[in-house]
Each structure stands twice: as C-alpha cells, then as structure tokens.
Amino acid sequence: MEDTLTRTKIAAALRALGLAPGAAVFVHSAMSSMGHVAGGAAAVVDALIDVLGPAGTLVVPTFTFIHGRSDNPVFDPAGDPSEMGRITEETRTRAGARRSCHLLHSVAALGVHAEEIAAFHGPSAWAADGPFWKLHDLDAHILLLGVPYLRCTYFHLLEQLVQVRYRSWRNVEARVREQDGSIRPLPTFVYSPGPSFVGNDFNKLGNLLEERGLVRVGNVGNAVARLFRARDAFDLLGAIPTRSAPVPLDKRSLHAAARRHPDRRTQQRKVGPGSGTDLRPAMRIARAPKFAD
Ligand SMILES: CC(C)(COP(=O)(O)OP(=O)(O)OC[C@H]1O[C@@H](n2cnc3c(N)ncnc32)[C@H](O)[C@@H]1OP(=O)(O)O)[C@@H](O)C(=O)NCCC(=O)NCCS
C-alpha cells in the first residue's frame, strides 16, 4: 500500500527533520499518530537506529506511574513494562538495552551512550548524575513524534530549577527487585504537584522555542514531528518568565542555579557521604540492572 509507512520511509523523514548520525535523542512518541507502519513499533525503532548509526544513542521514557498509586511499590526493572507507548516498550526489550533504576521515571537506552545514560538514576527523577542531566551533558536532542510539548519530560528540570510554587518534594517508601530476585530499598523523592497546580505550560514553552527558530518541525507519515536540542530548551526557557520558569535567569545564572539546585543538595544530604563540591560520586547509588544482553 502506498500510504503504508516503512522503516526506510521513516528513516528518510527523520533525516529530513535533522536527526543525524551520532546524535543522542530522547523520544516521546505515539505509534498511532503516523498512520499504518509496516512492521509496527519494531520498524520505527529500526528506523531510528538506522539514522543514528553506530555512534548514536536512542533513549526513551519507560515510566511506570502505576507505582505512584501503590502503597507498597516495588519497581521491577527487568519486568515492569513501559507505560509510555509501544515504541518505548520495543526499545526497552531490545537486546543490549539498558534501563535506569527509578520507581516512576526510568528510561531505556540503546547505543553508544546507553550504559552511561542508564547506569545511575538517583532518588529523584532529575538527579544530578541521572539520565535527564546526562541528556544535557551529551547535547542530546529531544524528538516529539506525534505528541505535544505537554509530554516533554525534560521541561521538568526547569520547573525544579526555578522552584515552581506548584510542586514540592516528598519522600516515597519504595523498593526495587534486583536481578537475583532480592528486594532492597529504593530511595525515592518525587517532585509532585500540590493543590495550586493548574497544569503546566509546556505547550507554551514549546511555542517559545519555535518562535526562536530552535525547533525543526516536519512529518513522519501523518505525525507532526518536532526536534530540538535539550540545551536550547534549558538555556532559553529558564531565561524567560513562564509558569514553569517564573524566575527568569540569564544563561550564566541558570547554570549556576543548576549546580546548586535543591535536588542536588537533597541528594548530597540524604544519600551520599559527599562533602566536596563534586556531588557526582555521591549520586551513584542505584546501579542499573542489565536486563537484556
Ligand atoms: C499515551 C500514548 C503513548 C498513546 O499513543 P498511542 O499511539 O495510542 O499508543 P502507542 O504508542 O502505545 O501505540 C499503540 C497504538 O498504535 C496503533 N498501532 C498498532 N499497530 C500499528 C501499526 N502497525 N502502525 C501504526 N499504528 C499502529 C494502535 O492504535 C495501537 O493502539 P492499541 O494498542 O490500543 O491497538 C501517547 O499519546 C503519548 O502520550 N505518548 C508520549 C508518552 C510520554 O513520553 N509521556 C511522557 C510523560 S507525560
């Protein structure tokens, strides 16, 4: 069928969008947005890998919000399916995939930086040495494949950086199932919305990025696809007053704030022995299990 998308057509559309070999990319997706894909989610993941090549890294959210509704949550990195769509589950279950260890916000990664991205997550989803800051460090791109900016998890970094009033930290008693089946505590801090939360303004943040020409917009089949650099989002959006980033900071102050934001301090205090200025070693508490070699 002429309208059916194939791995080759998807790869061509992603290249046209600006996705390049060697890139690291964090993908939010909706399979059904593209139209019929021959080979389903596997073809989409193959197309992404074709474009990224051997030096690239594919990262997807494999969030498990179901644990947020449990009184006694146990995260099972090897067994818990991703709740973020079929493409993410396909990525998670590929040979060589690595999954980070977080009760709610784990990610799965394939490719050259997969181990580095997934190796440590930390008690908060936004830990200093965790996957979302790694995206920043690696100058990763974010790809929204048929989903709105509302789904862009990376924007949560900004929320905590400027300490939005509508969220606050809370501890969750959680545990993780290790590869050998044993269960151990999984320190977890959640930056959750309070009563004053009226929804985030992530779509507005996306519009700001587009107004500045920082987003490549195209189509993958029927889907609208958007591609931008995580660092552009960080630098621009933290510097403009919005509901998610009400305290405008210039780029330099933003980076300074990032180094001392509450999440990093919280972890240093609660998790690690770290007393020096380099907090990173103190964050390394949650070793990601290898689940698919
Ligand atoms: C929730 C969400 C995943 C739903 O999208 P979706 O396209 O309906 O679901 P999936 O991506 O799991 O794809 C499955 C659907 O693709 C469609 N599909 C199945 N085979 C297909 C094929 N070969 N070709 C195209 N579409 C196909 C079907 O409609 C299927 O739904 P079904 O399982 O109910 O039959 C999406 O809206 C979303 O929000 N994605 C982003 C998630 C995220 O990253 N969130 C971040 C934190 S908020």
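Keep in mind that this is a model prediction, so the values were computed, not measured.

About the cut-offs
Residues numbered from 1 in each chain as written. Predicted model: local features only at pLDDT ≥ 70, side-chain atom pairs only at ≥ 80, totals over all residues. Helix = DSSP H or I, 4+ residues; strand = E, 2+ residues; numbered from the N terminus. Buried ≥ 20, exposed ≤ 12 C-beta atoms within 10 Å, placed from the backbone. Contact = placed C-beta atoms within 7 Å. Pairing = 2+ DSSP bridges. Near = placed C-beta within 6 Å. Nonpolar A, V, L, I, M, F, W, Y, C, P; charged D, E, K, R; others polar. Core = buried A, V, L, I, M, F, W, Y, C linked by C-beta atoms within 7 Å. pLDDT = per-residue confidence, 0-100. Arc of directions from axis to C-beta. Axes fitted to C-alpha atoms, helices over the stretch in contact; angles between N-to-C directions. Parallel < 35°, antiparallel > 145°, perpendicular 65-115°, else oblique.

S.K.: Kindly report on the overall build of the protein chain, identifying the contributing residues and their values.
M.R.: A count of helical and extended segments in the protein chain gives 11 helices and 12 strands. Relative to its full complement of 293 residues, the protein chain shows a buried share of 47%. Across the protein chain, contacts joining residues at least 24 apart in sequence account for 70% of those joining residues at least 6 apart.

S.K.: Now, about the sheet that holds strand E3 (residues 74–75): what can you tell me, with residues and values included?
M.R.: Spatially, E3-E8-E9 is the arrangement adopted by the three strands of the open sheet, whose pairing is mixed. Pairing within the sheet leaves two strands with one partner each, and these edge strands are E3 and strand E9 (183–185). As judged from the three bridges shared by strand E8 (residues 175–177) and E9, these two strands associate in the antiparallel manner. Residue pairing in the sheet places Val 176 in a bridge with Arg 184 of E9.

S.K.: So, the site of the ligand: which residues are in play, and what are the values?
M.R.: The full set close to the ligand counts 19 residues, and Ala 30, Met 31, Ser 32, Gly 85 and Arg 86 are the nearest of them. Elements with a minimum of two residues in the shell around the ligand: strand E1 (24–29) and helix H3 (86–92). Of the residues contributing to the shell around the ligand, the split by class is nine nonpolar, eight polar and two charged.

S.K.: Hey, could you go over the sheet that holds strand E4 (residues 98–99) for me, with residue numbers and the actual values?
M.R.: A sheet is described by the order of its strands in space; here seven strands give the open sequence E4-E5-E2-E1-E6-E12-E11, paired in mixed fashion. Lying at the two open borders of the sheet, with one neighbouring strand each, are E4 and strand E11 (216–220). Here E11 runs beside strand E12 (residues 223–229); their pairing, made up of five bridges, is antiparallel. For Val 217, the partnering residue across the bridge sits in E12 and is Arg 226.

S.K.: A description of helix H8 (residues 230–237) should follow, citing residues and the corresponding values.
M.R.: If you check which residues of H8 are buried, you get Ala 230, Ala 233, Phe 234, Leu 236 and Leu 237. On its buried side, H8 packs onto helix H5 (131–137), strand E6 (141–145), helix H6 (155–161), helix H7 (202–211) and E12.

S.K.: Please provide a residue-by-residue account of the nonpolar core, values included.
M.R.: Grouped together as the largest cluster of nonpolar side chains are 76 residues, with contacts concentrated most on Leu 14, Val 25, Ala 109 and Tyr 154. Among the elements that take part in this core, helix H2 (residues 40–52) stands out by supplying seven residues, more than any other. If sequence neighbours within four positions are ignored, Tyr 154 has contacts with Phe 26, Phe 132, Leu 135, Ile 142, Ala 230 and Ala 233. Counting residues in each nonpolar core, the second largest holds six residues, with Phe 75, Cys 101, Ala 174 and Val 176 among its members.

S.K.: Explain the pairing of E6 to me, using residue names and the numbers behind them.
M.R.: Most of E6 is tucked away, with five of its five residues classed as buried. Every second residue of E6 is oriented toward a common face, with His 141, Leu 143 and Leu 145 on one face and Ile 142 and Leu 144 on the other, all of them buried. Here five bridges tie E1 to E6, and the two strands are oriented parallel to one another. Note that in E6 the partner of Ser 29 across the bridge is Leu 145.

S.K.: Outline the confidence of the model for the protein chain, supporting the account with residue identities and numerical values.
M.R.: Here the protein chain averages 86 in pLDDT, and 87% of its residues register 70 or above. Contacts for the low-pLDDT stretch residues 265–293, under 50 throughout, to residues beyond four places or in other chains number 61 contacts.

S.K.: How would you summarise helix H1 (residues 7–17) if you had to cite specific residues and measurements?
M.R.: Every buried residue of H1 is accounted for by Ile 10, Ala 11, Ala 13, Leu 14 and Leu 17. Buried residues of H1, seen end-on, are gathered within an arc of 160° and therefore sit on one face of the element. Lining the buried residues of H1 we find H2, E11 and E12. Just past H1, the residue Gly 18 takes up positive phi, approximately 115°.

S.K.: Please set out the packing of H7 against H8 residue by residue, giving values where relevant.
M.R.: Viewed as axis vectors pointing N to C, H7 and H8 meet at an angle of 100°, and their least axial separation amounts to 10 Å. One way to sum up the angle between H7 and H8 is to call them roughly perpendicular. Facing Leu 205, Leu 208 and Leu 209 of H7, the residues of H8 in contact are Asp 232, Ala 233, Leu 236 and Leu 237. In the contact of H7 with H8, the residues fall into six nonpolar, no polar and one charged.

S.K.: Can you tell me about unusual backbone geometry, naming the residues and giving the values?
M.R.: In this model, Asp 139 sits at a positive phi of 55°, which is unusual for a non-glycine residue. Examined against the element boundaries, Asp 139 turns out to sit in the loop between H5 and E6. Owing to 12 C-beta atoms within 10 Å, Asp 139 belongs among the exposed residues under this scheme. Phi is positive for Gln 163, close to 55°, though the residue is something other than glycine. Here Gln 163 is to be found in the loop between H6 and strand E7 (167–172). Judged by local crowding, Gln 163 falls into the partly exposed class, with 15 C-beta atoms found within 10 Å.

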